[in-house]
Amino acid sequence: MESIEKKKRIVSLIQPTGVFTLGNYLGALKRFVELQDEYECVYGLADLHAITVRQEAAAFRKTILSSYALMLAIGIDPQKSLFFIQSQVPEHSQMAWVLNCYTQFGELSRMTQFKDKSAAHTDNVNAGLFTYPSLMAADILLYNAEYVPVGHDQKQHIELTRNIAERFNATYSPTFVVPEPLIAAKGSRIKSLQNPTKKMSKSDENVNAFVSLLDSPDDIMRKFKRAVTDSEAKVYCAEGKDGINNLMEIYSLMTGLDFAAIEKEFEGKGYGDFKVAVGESVVEKLRPIQENYKKLLADKAYLEDCFSKSAPEASSIARKTLSKVMKKVGFLPKK
Ligand code: TYM
C-alpha cells in the first residue's frame, strides 16, 4: 500500500454473502475504486459479519474467495489499497468485545437493520446479529479512518460508531478518530427493480428485483425490461416517479450523463426504449468486470498471495489502536 503521509484514510468493508448487486456496486464498490488515488484506502471483506445469518460452510468458503476475486476484478488495486479478509485480522473481534462494553443495549435495539433482519430470520435472532454494529465500529475505529464510504443504509451504523468513539474518548482521553460517512449524492440508494420504494438487496426473494454483477447479459436485459415504472410514459425525474428516478440514476452513473441530458435523449420516446438503453449500459459496464473476474478466480495462488500479505499489514495497524485501548481500559500489558 502506498503510504503518502498527507492522504486521509478511508475504511469500508462489504459482506461476502452471495454475489454483489448493482446496489453494492453503485453505492460502494465503484466508489472504492475511484477513491483509491485520493485517499489511503483500507477495504475488507466482512466475513465475520456474514455469519450473523446462517452460512453453509463449503458454500461460504467459496463465496469469500469469489467475492475477493470480484472486488479485485472491479478494480481494487492491492498495490494502492489495503484489502484484507476480516476473519484473518483477529484484532477486529478483540476490539469488538471491548466496544460492546461501551455500547448500550438501547442503542443497538434502535438499529433498523437489526429490526429488519430479526424479522426476516425469526428462527435465528442471535446475539451476533444484535451486537453487529459494535463489530462494525471496531472495523472502522481500528484504522483511525476519517471517512467511511457507504451506501445510505449504513448511515445509522456510522452514527452509532461516532457515538461509541466519542463516548470512549470522553471517558478516557482522545483515542479514536471520530469518522464521518461519505455518502454520494447519486447511487447511495439504488432501489429494487420490482418495488422501487424498497432498496435493492441481494436477499430479495424475487430475482428480478436485483441485478447481480455476474448476471448474464440476457438476464440483465430481462430484469430491466421488466422493471416496474409508472403509467406516464415520459422520462423525467420527479417525486413519486420512483421507478423512473431509479433507472435515471443508474443510467446517469453508467454513462456519465446528467439528468437533463437523459431527459433530452429520451424526449418523445417511451419507457421501452429507455429500459433497453439502461440495460445495455449496465451490460457494457459489467462485461470487462466479468471477464477479469473469470481470469482472477482461475488464479487461486494469486488471490491467496494477496490476502495472505494484506492480513498481517492490516493487523499491524489495528494492533496499535487495540493496544492503546487495552491500556486505557486498564488491562495488564503482555510481557
Ligand atoms: P453490505 O455488505 O450490506 O453492503 C456493502 C455496501 O453496499 C452498500 N449498498 C448499497 N448502496 C446503494 N444502494 C443499495 N441498494 C445498496 N445495498 C448495499 C452498503 O451501504 C455498503 O456500503 N455493515 C456493512 C458492512 C460493513 C462495513 C464495515 C461497512 C462491515 N464493517 C465497516 C463500512 C465500514 C454491510 O452490511 O454492508
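Here we summarise the structure given alongside this text. (Residues numbered from 1 in each chain as written. Predicted model: local features only at pLDDT ≥ 70, side-chain atom pairs only at ≥ 80, totals over all residues. Heavy atoms only, no water.)

1. Things to note about the overall build of the protein
Consideration 1: The number of helices and strands found in the protein is 13 helices and five strands.
Consideration 2: Classification of the 335 residues of the protein by burial places 50% in the buried group.
Consideration 3: Sequence-distant contacts, at least 24 apart, represent 76% of the contacts inside the protein between residues at least 6 apart.
Consideration 4: For the protein, the accessible area works out to roughly 16100 Å², and carbon and sulfur atoms hold 52% of it.
Consideration 5: Between the mean site of the 44 positive side-chain charges and the mean site of the 41 negative ones, the protein shows a separation of 4 Å. (Helix = DSSP H or I, 4+ residues; strand = E, 2+ residues; numbered from the N terminus. Buried < 20%, exposed > 50% of the residue type's maximum accessible area, 1.4 Å probe, protein only. Contact = heavy atoms within 4.5 Å. Areas by Shrake-Rupley, 256 points an atom, 1.4 Å probe, with all protein chains shown as cover. Lys, Arg positive; Asp, Glu negative; His and termini not counted. Charge placed at Lys NZ, Arg CZ, Asp CG, Glu CD.)

2. Points about helix 13 (residues 300-329)
Consideration 1: With 30 residues, helix 13 ought to run about 44 Å at 1.5 Å a step, and its terminal C-alpha atoms sit 42 Å apart, in line with that.
Consideration 2: Of all the bends in helix 13, the largest measures some 25 degrees and sits at Ala318.
Consideration 3: The complete set of buried residues in helix 13 reads Leu303, Cys306, Phe307, Ser310, Ala311, Ala314, Ser315, Ile317, Ala318, Thr321, Leu322 and Val325.
Consideration 4: Taken from the residues just after helix 13, Gly330 is the one with a positive phi, measuring 115 degrees. (Expected span 1.5 Å × (residues − 1). Bend = angle between axes of the 7 residues up to and from the residue.)

3. With respect to the site of the ligand
Consideration 1: Around the ligand, the structure places 24 residues, and the nearest of them are Gln15, Tyr132, Asp139, Gly151 and Asp153.
Consideration 2: For the ligand, a nitrogen atom lies 2.6 Å from a polar atom in the side chain of Asp139.
Consideration 3: Separating an oxygen atom of the ligand from a side-chain N or O atom of Asp153 is a distance of 2.4 Å.
Consideration 4: When the ligand is considered free in solution it has 710 Å² of accessible area, and contact with the protein chains removes 96% of it.
Consideration 5: Going through the elements one at a time, strand 1 (9-14), helix 1 (22-34) and helix 7 (127-141) are the ones with two or more residues in the shell around the ligand.
Consideration 6: Taken together, the residues that form the shell around the ligand break down as eleven nonpolar, ten polar and three charged. (Near = heavy atom within 4 Å. Polar contact = N/O pair within 3.5 Å; in protein donor to acceptor, adjacent residues only side chain to side chain. Nonpolar A, V, L, I, M, F, W, Y, C, P; charged D, E, K, R; others polar.)

4. Section: the pairing of strand 1
Consideration 1: For strand 1, a buried count of five out of six residues is recorded, marking the element as mostly surrounded by other parts of the structure.
Consideration 2: By the bridge criterion, six bridges tie strand 1 to strand 2 (residues 40-45) in an arrangement that is parallel. When the sheet's bridge partners are listed, Arg9 is paired in strand 2 with Glu40.
Consideration 3: Regarding the hand of the β-α-β motif, the stretch spanning strand 1, helix 1 and strand 2 is right-handed. (Pairing = 2+ DSSP bridges. Right-handed = clockwise from strand over helix to strand, strands pointing away.)

5. Here's the deal with the packing of helix 10 (residues 242-255) against helix 12 (residues 271-298)
Consideration 1: Relative orientation of the contacting elements helix 10 and helix 12 amounts to 40 degrees, with a least axis distance of 9 Å. Accordingly, the angle class assigned to the pair helix 10 and helix 12 is oblique. Handedness of the crossing formed by helix 10 with helix 12: left-handed. Contact residues: Ile244, Leu247, Met248, Ile250, Tyr251, Met254 and Thr255 in helix 10; Tyr271, Phe274, Lys275, Ala277, Val278, Ser281, Val282 and Lys285 in helix 12.
Consideration 2: When the residues that make up the contact of helix 10 with helix 12 are grouped by side-chain class, the tally is eleven nonpolar, two polar and two charged. (Axes fitted to C-alpha atoms, helices over the stretch in contact; angles between N-to-C directions. Parallel < 35°, antiparallel > 145°, perpendicular 65-115°, else oblique. Left-handed = near helix turned anticlockwise from the far one by under 90°.)

6. What about the nonpolar core?
General note: in soluble globular proteins, nonpolar side chains tend to be found buried as a group.
Consideration 1: One finds Leu22, Phe224, Ile250 and Phe274 to be the most contacted residues of the largest nonpolar core, which totals 62 residues.
Consideration 2: Looking at which domains feed residues into this core, each of domain 1 (9-189 + 300-329) and domain 2 (207-294) gives three or more.
Consideration 3: Those residues in contact with Phe274, other than ones at most four positions away along the chain, are Val235, Ile244, Leu247, Met248, Tyr251, Ile262 and Phe266.
Consideration 4: If you look at the next biggest cluster of nonpolar residues, it comprises 39 residues, including Val11, Leu142, Val150 and Ala311. (Core = buried A, V, L, I, M, F, W, Y, C linked by side-chain atoms within 4.5 Å. Domains from an automatic or database assignment.)

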